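Understanding the architecture of this molecule
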Amino acid sequence: MTPGGWVLLALSWSCIIIVAAWCLAKVLKRKERL
Amino acid sequence: MAEKIQREKWASKIGLILALAGNAIGLGNFLRFPVQAAENGGGAFMIPYFVALLIMGIPLMWAECAIGRMGGRHGHGHTAGMFELLWQHPLAKYLGMLGIFIPFAVALYYVYIVAWTLAFSYFSLTGDYFGIATREAMGAYLRGFQGIEQNQFFSSIAPAYLFFLATLGLSLYIVYHGVSGGIERLAKIAMPLLFLIGVTLALRVLTLGAPEANYPENNVLNGLGFVWNPQPHRLADATIWLAAAGQIFFTLSVATGAIPTYASYMREEDDVALTGLSTASLNELAEVILGGTIAITAAVAFFGLAETEEIARKGAFNLGFQALPMIFQRIPLGPLVGALWFLLLFFAGITSVVALTQPAMALFQDGFGWSRAKTTAVVLGALFVLSQPVIFFLSHGFLDELDFWVGTFGLALFALVETILFAWLFGMKRGWEEITKGAAFKVPRIYYYVIKYLTPLFLLFILAAWAVQDVPKKILMVGVRPEDVGYIWGARGLMITLLFGFGLLVKIASDRKQKRIRP
């Protein structure tokens, strides 16, 4: 695994995890309001 | 004035998102993605992949959810009715009919492939293929199971047929129980289990180290590198961009007609933007993080780079059904790990099979007022009858012919038509209002222009490239064995019959609706 590979992996994984977590948090928060 | 129609609704928002994720997450997430990434420049593939996700995948997801929610408001659960709302023209319903025909035709072969995953889960648990020493012999095992040849492993197609019946029976059970009682319940069980199994398998693979002591270079890090190490010089290659766009297209299951149908059961206050983004992000979680870690990484750790390249070249099924079973035989708790791997694929597949049947279900329920029981019997019955040639003529290219025209070319064509109708004929101003209505976050305004200009252009590029590269060869049956020509024509005849059949049904449903509105 080259440094470039690590950078791409870390960037992709972290972006996906952050967006998925943010979306689910928003969905659950909306549920509470209703 | 639109008539007030009581339709089924999703019981919860999370249920809707899990059901949509179940539709999107399929076999391609775990088998097709790692092979595509490894073959198309490794990490360099990820750059066009994410570009395609941002300018085509997510916009299409939003547009389809918006079209679906709007259609549901007017009592339409299928794209034929929805397209009539987008474009008041007699042709609109026939263009929308593609969104019923395509998923049904894909389901004809997808249900059989999903049955293989259930069978291999059982064969792994019972250790049925354990003791097969080479990948070539494992290939013979798979072909024997599929009924392509009779050999020492299987003397008939009966086991495959039994698992096909079990998969179809389970689909029937789920579909019969409806949107919230069947599909939503399945999604709430299958999706968490899928992620749990996926994470377990990914952790197992990441802790493999270098399993072959004599070959220390065959290790997990080199496996990850095979998928992720960037080859920047390949970014200039148009085929990489085409492959990445194609992967985004298939992985999100856009243009199968299933997303608008699922979205038609949303409530008016449900959020299109958040639902679409949540679905896409769950799909990417399964594809990039789990799919990119499990299969190829394990293959490199056991077989090395050169052999894995060869496995990847031979395709996704070679990786999933031939290479990985060899690995399960060499690791502790192999039968359990193997059973979990195929169960993961089964969960990914069965949720997609159920989704693929829904546009046709909606046509009969909304268009003809049929009960769910009657519709389930007719749709699943037709699926059973019409999938027989796929099962018995597998070795003659019947499945491949269907897959190209409906599962590849048809999807891109339908997506382009849908985008033009939504962004240009319905109008982006009204389309944007539908997407942003009740949104939990501010959708970036740039997407107004992305959906209007970039998404259709991108789709046109994909369609044109496939039309030039593959369509002439397919039409002229280049490489088809003379003895298979009749079967290929049979597959084409089936598709044309289905196309006209659905066209007729859509016309009748549309006429009935007109009569109800203006008696």
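Per chain, residue numbering runs from 1 following the sequence as it is written. Following the order in which they are written, the chains are lettered starting with A and the ligands numbered starting with 1. A pLDDT threshold of at least 70 governs which residues receive local features in this predicted model, and a stricter bar of 80 or more applies before side-chain atom pairs are shown or counted, although totals over entire chains, interfaces and linings include all residues. Side-chain metrics in this entry use all non-hydrogen atoms of the structure; hydrogen atoms and water are not considered.

Once that is clear, we can look at unusual backbone geometry. Residue and element names in this part refer to chain B. Unusually for a residue other than glycine, Ser253 sits at a positive phi of about 55°. Secondary-structure assignment places Ser253 in the loop between helix H11 (238–251) and helix H12 (258–263). You will see that Leu333, though not glycine, has its phi angle at about 60°, which is positive. Secondary structure elements are taken from DSSP: a helix is a run of H or I of four residues or more, a strand is a run of E of two residues or more, and numbering for both begins at the N terminus. Here Leu333 is to be found in the loop between helix H16 (316–328) and helix H17 (334–368). Each residue gets one of three labels from its accessible area relative to the maximum for its type: buried under 20%, exposed over 50%, partly exposed in between, using a 1.4 Å probe on protein chains only. For Leu333, a relative accessible area of 63% translates into the label exposed.

Residue and element names in this part refer to chain B. Each patch is assembled from residues with relative accessible area greater than 30% and no salt bridge, linking like charges that lie within 9 Å and nonpolar side chains (Val, Leu, Ile, Met, Phe, Trp, Tyr) that lie within 5 Å. Surface accessibility in these figures is a Shrake-Rupley result with a 1.4 Å probe; residues are shielded only by whichever protein chains are displayed. A pairing counts as a salt bridge when a side-chain nitrogen of Lys or Arg comes within 4 Å of a carboxyl oxygen of Asp or Glu. Taken together, the side chains of Ile420, Trp424, Leu425, Tyr449 and Tyr453 define a hydrophobic patch exposed on the protein surface, amounting to about 500 Å² of accessible area. At the level of elements, helix H20 (398–425) and helix H22 (446–469) are the ones that each hand at least two residues to the nonpolar patch. Ranked by residue count, the leading element in the nonpolar patch is H20, at three residues. Position of Tyr449 relative to the elements: it lies in helix H22. Tyr449 sits in the partly exposed class, given a relative accessible area of 44%.

The next thing to look at is the state of the cysteines. When two cysteine sulfur atoms lie within 2.5 Å, the pair is treated as a disulfide. For the structure on display, the rule yields zero disulfides over all chains. The thiol of Cys15 of chain A is not disulfide-bonded; the next cysteine sulfur, from Cys23 of chain A, is found 13 Å away. Its sulfur unpaired, Cys23 of chain A is 12 Å from the next cysteine sulfur, which belongs to Cys65 of chain B.

All names here are of chain B. Angular values range over 0 to 180 degrees, each being the angle between N-to-C directions of two axes fitted as lines to C-alpha atoms, with helices fitted over their stretch in contact. Across the interface, helix H6 (residues 92–126) lies against helix H18 (residues 372–386) with an axial gap of 9 Å and an inter-helix angle of 55°. One element, H6, and the other, H18, form an angle in the oblique class. The way H6 lies across H18 gives a crossing that is right-handed. Within the contact between the two elements, H6 uses Phe104, Ala107 and Leu108 and H18 uses Val379, Ala382, Leu383 and Leu386. Amino acid classes used here: Ala, Val, Leu, Ile, Met, Phe, Trp, Tyr, Cys and Pro are nonpolar; Asp, Glu, Lys and Arg are charged; the rest, including Gly, are polar. Looking at the contact of H6 with H18, its residues break down into seven nonpolar, no polar and no charged. Each angle is binned into one of four classes, with values under 35 degrees roughly parallel, values over 145 roughly antiparallel, values of 65 to 115 roughly perpendicular, and all other values oblique. For any helix crossing, the convention is left-handed if the near helix is rotated counterclockwise from the far helix by under a right angle, and right-handed if that rotation is clockwise. Note on definitions: a residue-residue contact is assigned when non-hydrogen atoms from the two residues lie within 4.5 Å.

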